[in-house]
Amino acid sequence: MVEKFCTLIFIMILTLCSMGSSQSCAESDSTVIHRSAQTAYLFLRGVEQEGDSGFRPGYSFFSVFTFVPKRLMRFAQKSADYGMALLTDSESVRKVESLFRPRDGALTWYPMFDLVSPWRPRVGLDLEYRRDVTGLFSARYAGREKYRFHGALIKAFPLGPTSAQMMLSVLSETDDDRQYYGLGSDPLTDSRNRFLTSAESDHGIYRHRRRFLAWAASLRLSQHAEVMVLQQVQVRESTDPGEGELRIGRVFDLETIPGFQPTLRRHYSELALRLDDRPIETFPALGRRMELYVGVSRSLDSNGGRFLRSGFHLSSDFVILCPSRILTPRLIGDTTLNLDRSVPIPFAEFPRQPDFRGVSGRKLLRSDC
């Protein structure tokens, strides 16, 4: 009886403590939704304390069972936040930052070492130069047949209440472990795919080389609307690696794969419209986004061939429990339409392939909203 009575008293004490010290998950609008982005980054989450929202029996009862885990997590979060604040104010951080940002912050460089990649270890370097003209350069190297170099020059032009932007970019990449599963949503049953009778896999590995020179311009029609124009000249080549158990020549009949092995030179023109009603000055920003695009790809070779690309991206934000926790579902549709039936569309130009502007086949979650 004494033990039960002590247990009851202990639970009541925990309940009173959680009622007095439990904090609402939802921050007030004045501290999150309507806080400017410039102000928001001056504070660390977890250091600021939310206000008490009053007595809530259900939440207080639930807090009895989560009191200890919540306190441990809050202690760990505060320790990390205060440690980050102290480290940021230390002189060592300033010295390291000056190493990566010489010349008064105009030039920034970041080395990259990737030893846990699911493919192979790689090294890289990112350079950024930001003044009147922004220059970007990115390099990734994982071997003689797997590398990527990309550079871009960006210039912005203020036009009264709106603005325009122009970009010139170049890319050179080689990838010797691209995966090809075939055409169609079900390649194993699609009649366009000719699997070899000796094939032991449902996909093949091929080498892919791509070079392009692109010019893009965008004009902000209003605070939430933007129109973009793209012109691109591209050289693409897909070949059999020549070695390996899963090389594409051991899985597919290469003569039946459209656009395989010959070097393809194409010109691509695109027009896109983007609508985004998120308030620019808020953090985090809630709203809806829509993007529509249409483009035409023309062959620069004697064999000809034209096809049309079109698609849409729709997304909207939903608050989950707290204003700082946002769920963003996206609806994406990408398609191609052959304008010259006598020449098939090259297989690497379909939306399912990884270098198309649509959804990446190697990423489950996207962070480019």
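What counts, and where the lines are drawn
Residues numbered from 1 in each chain as written. Predicted model: local features only at pLDDT ≥ 70, side-chain atom pairs only at ≥ 80, totals over all residues. Heavy atoms only, no water. Helix = DSSP H or I, 4+ residues; strand = E, 2+ residues; numbered from the N terminus. Buried < 20%, exposed > 50% of the residue type's maximum accessible area, 1.4 Å probe, protein only. Contact = heavy atoms within 4.5 Å. Areas by Shrake-Rupley, 256 points an atom, 1.4 Å probe, with all protein chains shown as cover. Salt bridge = Lys/Arg side-chain N within 4 Å of Asp/Glu carboxyl O. Core = buried A, V, L, I, M, F, W, Y, C linked by side-chain atoms within 4.5 Å. Pairing = 2+ DSSP bridges. Axes fitted to C-alpha atoms, helices over the stretch in contact; angles between N-to-C directions. Phe/Tyr/Trp six-rings, centres within 6.5 Å; stacked < 30°, edge-to-face > 60°. Lys NZ or Arg CZ within 6 Å of the ring centre and 35° of its normal.

*Asks:* Break down the overall build of the protein for me, with residues and values.
*Replies:* Helices and strands together make up the secondary structure of the protein, namely 4 helices and 13 strands. Among the 369 residues that make up the protein, the fraction classed as buried is 33%. Contacts in the protein between residues at least 24 apart in sequence constitute 58% of all its contacts with a sequence separation of at least 6. If you sum the accessible surface of the protein, you get close to 23,300 Å²; carbon and sulfur atoms cover 62% of it.

*Asks:* Outline the pattern of salt bridges, supporting the account with residue identities and numerical values.
*Replies:* Evaluated as defined, the whole model comprises 21 salt bridges. The partner of D175 in a salt bridge is R178, with the nearest N and O atoms 3.2 Å apart. On the accessibility criterion, D175 (8% relative accessible area) is buried. A residue is classified by how much of its surface remains accessible, and R178, at 6% relative accessible area, is buried. We note a salt bridge from D276 to R278, for which the minimum N-O separation is 2.8 Å. Here D276 and R278 have matching classes, each one buried. If you follow the salt bridges from partner to partner, you end up with K146, R148, E173, D175, D177, R178 and R210 in one network.

*Asks:* Please provide a residue-by-residue account of the nonpolar core, values included.
*Replies:* Judged by nonpolar contacts, the single largest core of 14 residues is most densely connected at Y180, Y206, I248, F252, I257, F260 and F347. Ranked by size, the runner-up nonpolar core spans 9 residues in total, among them L171, F212, A216 and Y268.

*Asks:* Please give an account of the sheet that holds strand β6 (residues 204–220) that cites residues and values.
*Replies:* Strand pairing in a sheet is mediated by backbone hydrogen bonds. Such pairs are either parallel or antiparallel. As summarised here, the arrangement of the 11 strands in space is β1-β2-β3-β4-β5-β6-β7-β8-β9-β10-β13, forming an open sheet in which the pairing is antiparallel. Strands with a single pairing partner mark the edges of an open sheet, and in this sheet they are β1 (107–114) and β13 (330–338). Within this sheet the neighbouring strands show an average axis-to-axis angle of 15°, counted without direction. Pairing analysis gives 9 bridges linking strand β10 (residues 306–316) to β13, with the strands arranged antiparallel. Counted as the bridge partner of F312 is G333 from β13.

*Asks:* Break down the packing of aromatic side chains for me, citing the residues and quoting the values.
*Replies:* In this structure the tally under the stated criterion is 7 aromatic pairs. Here Y206 and F347 contribute two aromatic rings whose centre-to-centre distance is 5.4 Å and whose plane-to-plane angle is 75°, an arrangement assigned as edge-to-face. Within this pair, whereas Y206 is found in strand β6, its partner F347 is found in the segment after β13, the two being separated by 141 residues in sequence. Relative accessible area serves as the criterion here: at 0%, F347 is assigned to the buried category. Chaining the aromatic ring pairs together yields one cluster made of Y180, F195, Y206, F252, F260 and F347. The ring of F157 carries the charged tip of K155 above its face, separated from the ring centre by 5.9 Å.

*Asks:* Lay out the pairing of strand β5 (residues 162–180) with the relevant residues and their values.
*Replies:* In terms of strand pairing, strand β4 (residues 146–159) meets β5 through 14 bridges, oriented antiparallel. Residue pairing for β5: H150 is matched across the bridge by L171. In textbook terms, the turn of a hairpin is the stretch between consecutive antiparallel strands, and for β4 and β5 this stretch comprises 2 residues, one of which, G160, has a positive phi near 65°. Two strands pair when backbone bridges link them, and β5 and β6 are joined in this way by 15 bridges, in the antiparallel orientation. Pairing of V170 across the sheet is with L213, part of β6.

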